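Residue strings, one per chain:
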Amino acid sequence: MKKPIKIIGIVVAVLIVILIAIPFLIDVNTFRPRIEAELSTALGRPVTVGNLHLSLLSGSVSADDVAIADDPTFSKEPFIRAKSLKVGVEMMPLIFSKALHVTNLTLENPEVSLVRSASGKWNFSSLGTKDAKEKEKAAAPAAPSSNPDLSVGKLSITNGRISITEPPAKPHIYDKVDVKMDGFSLSSAFPFSLSANLPGGGSVTLDGKAGPIDQTDAASTAFDAKINVKNLDLAASGFVESSTGVAGLVDFEGTVNSDGKQLHSNGTANAEKLKFSPKGSPAGRAVQITYAINHSLESQSGSVEQCDIHIGKALTQLTGTYQMQGASTILNMKLSGQAMPVDELEAMLPALGVILPSGSSLKGGTLSTTLAISGATDKLVIVGPVKLADTKLAGFNLASKMSAVSALTGAKSDPDTSIQNLSTDARVAPEGTTTNNLNLTIPALGVITGNGSVSPAGALNYKMNANLTGGLAGGLTQMAGGSKNSGVPFMIQGTTSDPKFVPDVKGMLGSQLKSAIPTGNAGDAVKGLSGLFGKKKPK
């Protein structure tokens, strides 16, 4: 019994000695020129590999440092730099015949710099292409290469850091990047998976298939993948220019596929705390989006085939085209929404920078609009008709703002303003908002028409005319000596949160009421009309 145990002990001891001795007997650094040469030829870029170490237990060869050169037209700094490279090898051929058979490659803690030029070319476009390979062969004609079209059983990247730069925009940094590719080859398709932390927070995962690598432009390689994004911060990530005022948190999942020239993506997104204006504040409710886009990789332009925006029961549809130009994007789109419930939209007004009078809110009714959206994203111009029907501005009594109105009509004061109809031709631009052909029907007062503007700071400048109804028209006739059907010109000043209604005395004397006021009674008329808007009567 003791003899078998002793034999086993001897065998174990021999194996331990072998495991310790083999790394000293096999100088894996003799393979370094071959590894560098084959990678350089396959990638079409100079590749340098640091000191190599053999690990029998893990069946791998590791390098202290790895660097892949950048396209010289972009930078002299490495395109990829990794702290270590692990190369899985078949141990038997390595031990007995000193043949290097690679089974997998793992880049640990790599730093990758992706740069796109003003012309639209990426610095990795020439990676592994025919032209790049020929240049590398010419630079090192004696380098051995049995397999210029690199293929590896498994290729992995762990804990990477990728910087994506599209001047003049600042780089977008992706951390904790992990990539896995099975059956990786430059000349055939291979499955892949990718996960990363997004700039500014959040995460992204992709699972799909890519390849073969395009032999003229690696950036044009075809791929097909499922994408899942969590908690994308539009502002902090840098995906949207800060000058646009757009912000929010977005989750979405869908598919992305490309034939190398055209990219198509469709899916669904959920957005919270949205903001669309520098003066706006985060919206109080979520927005659901169903989208489908087509994008040209060559021209960096595309079309939005579908973008259904759901805000509760309200549906808005966005379609059109876009053109990316450096840090800016030019839009030519149409936004349409018909009979949308106001109660669903009210929470979105702060996000658009729309400020209602202090303490007020919109209740009930519908909103319909068809807007044309054009220009650069940081200087958008939005034009089109807007119609509001059968709603109520709760917490705002327009009649009380015109002091004597409720007394003249004989009606009981209502703390809310009921709106039968409001229509206008709106134009929203960086210099402010204008609303022309404004027509407002308020049953308690009559019909109010006019034109005006709102400055970016919220200052109001409106010239209006009120065609009053009921007892109010009679009271006005007594005070001004005018016709029952005469309109009352007035101005709206102040701010959107605190509007001021001011009588347009000059307009009264110079237009509708001028012919109706006897010469001797003009002063009395002015005093009376000023009282309509809560102004002190001139002495």
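Everything numeric in this text was worked out from a predicted model, so none of it was measured.

1. Brief notes about the overall build of the protein
Inference 1: Looking only at helices and strands, the protein features ten helices and 28 strands.
Inference 2: With 539 residues in all, the protein has 41% of them scored as buried.
Inference 3: Carbon and sulfur atoms make up 58% of the accessible area of the protein, which amounts to about 27,700 Å² in all.

2. Description of the pairing of strand β24 (residues 432-442)
Inference 1: Direction of pairing for strand β23 (residues 417-429) relative to β24: antiparallel, over a ladder of eight bridges. Residue asparagine 421 lies in a different strand from β24, and its bridge partner there is threonine 441.
Inference 2: Where β23 folds back onto β24 in an antiparallel hairpin, the turn is made up of two residues.
Inference 3: Here β24 runs beside strand β25 (residues 446-454); their pairing, made up of eight bridges, is antiparallel. Bridging across to β25, threonine 435 finds its partner in glycine 452.
Inference 4: Hairpin remark: β24 followed by β25, antiparallel, with three residues in the connecting loop.

3. Section: a nonpolar patch on the surface
Inference 1: The grouping of Phe276, Leu352 and Val354 at the surface amounts to a nonpolar patch, some 260 Å² of accessible area in total.
Inference 2: Among the secondary structure elements, leucine 352 is positioned in the loop between α5 (342-345) and β20 (361-363).
Inference 3: The exposure class assigned to leucine 352 is partly exposed, which follows from its relative accessible area of 48%.

4. Thoughts on the nonpolar core
Across soluble globular proteins, nonpolar side chains have a tendency to be buried as a group.
Inference 1: By size, the foremost hydrophobic cluster in this structure holds 67 residues, and its most contacted members are Phe79, Leu85, Met181, Val204, Ile311 and Met333.
Inference 2: Of the residues forming this core, the biggest block, five residues, is contributed by strand β10 (residues 172-185).
Inference 3: If sequence neighbours within four positions are ignored, methionine 333 has contacts with Val304, Leu318, Thr319, Gly320, Thr321, Tyr322, Leu371, Ala372 and Ile373.

5. A few points about unusual backbone geometry
Inference 1: Look at the link from glycine 211 to proline 212: it is a cis peptide, with omega at -5°.
Inference 2: The residue aspartate 390 is not glycine, and still its phi comes out positive at about 55°.
Inference 3: Secondary-structure assignment places aspartate 390 in strand β22 (residues 381-394).

6. Observations concerning the packing of aromatic side chains
Inference 1: Counting across every chain of the model gives four aromatic pairs.
Inference 2: Centre to centre, the rings of phenylalanine 252 and tyrosine 291 are 6.2 Å apart; their planes meet at 85°, and the pair counts as edge-to-face. One end of the pair, phenylalanine 252, is in strand β14 (residues 246-258); the other, tyrosine 291, is in strand β16 (residues 287-296), with 39 residues separating them in the sequence.
Inference 3: Sitting above the plane of the phenylalanine 79 ring, arginine 45 keeps its charged end 5.4 Å from the centroid.

7. A word on the pattern of salt bridges
Inference 1: Summed over the entire model, instances satisfying the criterion amount to five salt bridges.
Inference 2: Its salt-bridge partner being glutamate 344, residue arginine 285 comes within 2.5 Å of it at the nearest N-O pair. Of this pair, arginine 285 sits in the loop between β15 (262-276) and β16 while glutamate 344 is found in helix α5, placing the two residues 59 residues apart along the sequence.
Inference 3: Among the residues examined, glutamate 344 registers a relative accessible area of 16% and is labelled buried.
Inference 4: Note that lysine 500 and aspartate 498 form a salt bridge whose closest N and O atoms lie 3.2 Å from each other.
Inference 5: Owing to a relative accessible area of 41%, lysine 500 belongs among the partly exposed residues under this scheme.

8. Re the pairing of strand β17 (residues 301-311)
Inference 1: With eight of eleven residues buried, β17 is to be regarded as a mostly interior element.
Inference 2: Relative to β17, β16 is paired through nine bridges, and the arrangement is antiparallel. The partner of histidine 295 across the bridge, within β17, is glycine 302.
Inference 3: Where β16 folds back on β17, the antiparallel hairpin that results is connected by four residues, among which glutamine 300 adopts a positive phi of roughly 55°.

9. Observations concerning the side chain of threonine 435
Inference 1: Examined against the element boundaries, threonine 435 turns out to sit in strand β24.
Inference 2: At 2.5 Å, the side chain of threonine 435 and the side chain of tyrosine 462 are in polar contact.
Inference 3: Aside from chain neighbours lying at most four places away, what touches threonine 435 is Thr424, Asp425, Ala426, Gly450, Asn451, Gly452 and Tyr462.

10. Thoughts on the confidence of the model for the protein
Inference 1: For the protein, the mean per-residue pLDDT works out to 78, and 73% of the residues sit at or above 70.
Inference 2: Here residues 10-26 is a poorly scored stretch, pLDDT under 50, and it has 13 contacts once near neighbours within four places are set aside; other chains count.
Inference 3: Predicted confidence for residues 474-484 stays below pLDDT 50, and this span has 23 contacts to residues more than four positions away or in other chains.

11. Description of the side chain of aspartate 71
Inference 1: Mapped onto the elements, aspartate 71 comes out in the loop between β4 (66-69) and β5 (78-82).
Inference 2: Of the buried charged residues, aspartate 71 lacks a salt bridge, with lysine 121 as the closest side chain of opposite charge at 4.0 Å.
Inference 3: Sequence-distant contacts of aspartate 71, defined by excluding residues within four places in its chain, comprise Arg45, Lys121, Asn123 and Ser126.

12. Quick notes on the environment of valine 152
Inference 1: For valine 152, the location among the structural elements is in strand β9 (residues 151-165).
Inference 2: For valine 152 and leucine 105, which are 47 residues apart along the polypeptide, the C-alpha to C-alpha distance reads 7.1 Å.

13. Some words on helix α2 (residues 32-43)
For an α-helix the count is 3.6 residues per turn, leaving residues at separations of three or four pointing the same way.
Inference 1: In this model, α2 (twelve residues) spans 16 Å end to end at C-alpha, consistent with the 16 Å of a helix rising 1.5 Å per residue.
Inference 2: With its phi angle positive at about 75°, glycine 44 sits one or two positions after the end of α2.

14. As for the environment of serine 400
Inference 1: Counting through the fold element by element, serine 400 comes out in helix α6 (residues 398-401).
Inference 2: Residue serine 400 is classed as partly exposed on the basis of its relative accessible area, which comes to 42%.
Inference 3: Measuring from C-alpha to C-alpha, the distance between serine 400 and proline 415 comes to 8.6 Å, with 15 residues separating the pair along the chain.

15. Overview of the environment of aspartate 233
Inference 1: Mapping aspartate 233 onto the fold places it in strand β13 (residues 223-233).
Inference 2: Spatially, the C-alpha atom of aspartate 233 lies 6.2 Å from that of glycine 200, the residues being 33 residues apart in sequence.
Inference 3: Here the side chain of aspartate 233 touches alanine 236 through a polar contact of 3.0 Å, landing on its backbone nitrogen.

What counts, and at which threshold
Residues numbered from 1 in each chain as written. Predicted model: local features only at pLDDT ≥ 70, side-chain atom pairs only at ≥ 80, totals over all residues. Heavy atoms only, no water. Helix = DSSP H or I, 4+ residues; strand = E, 2+ residues; numbered from the N terminus. Buried < 20%, exposed > 50% of the residue type's maximum accessible area, 1.4 Å probe, protein only. Areas by Shrake-Rupley, 256 points an atom, 1.4 Å probe, with all protein chains shown as cover. Pairing = 2+ DSSP bridges. Patch = residues over 30% accessible without salt bridge, like charges linked within 9 Å, V, L, I, M, F, W, Y side chains within 5 Å. Salt bridge = Lys/Arg side-chain N within 4 Å of Asp/Glu carboxyl O. Core = buried A, V, L, I, M, F, W, Y, C linked by side-chain atoms within 4.5 Å. Contact = heavy atoms within 4.5 Å. Phe/Tyr/Trp six-rings, centres within 6.5 Å; stacked < 30°, edge-to-face > 60°. Lys NZ or Arg CZ within 6 Å of the ring centre and 35° of its normal. Polar contact = N/O pair within 3.5 Å; in protein donor to acceptor, adjacent residues only side chain to side chain. pLDDT = per-residue confidence, 0-100. Lys, Arg positive; Asp, Glu negative; His and termini not counted. Expected span 1.5 Å × (residues − 1).

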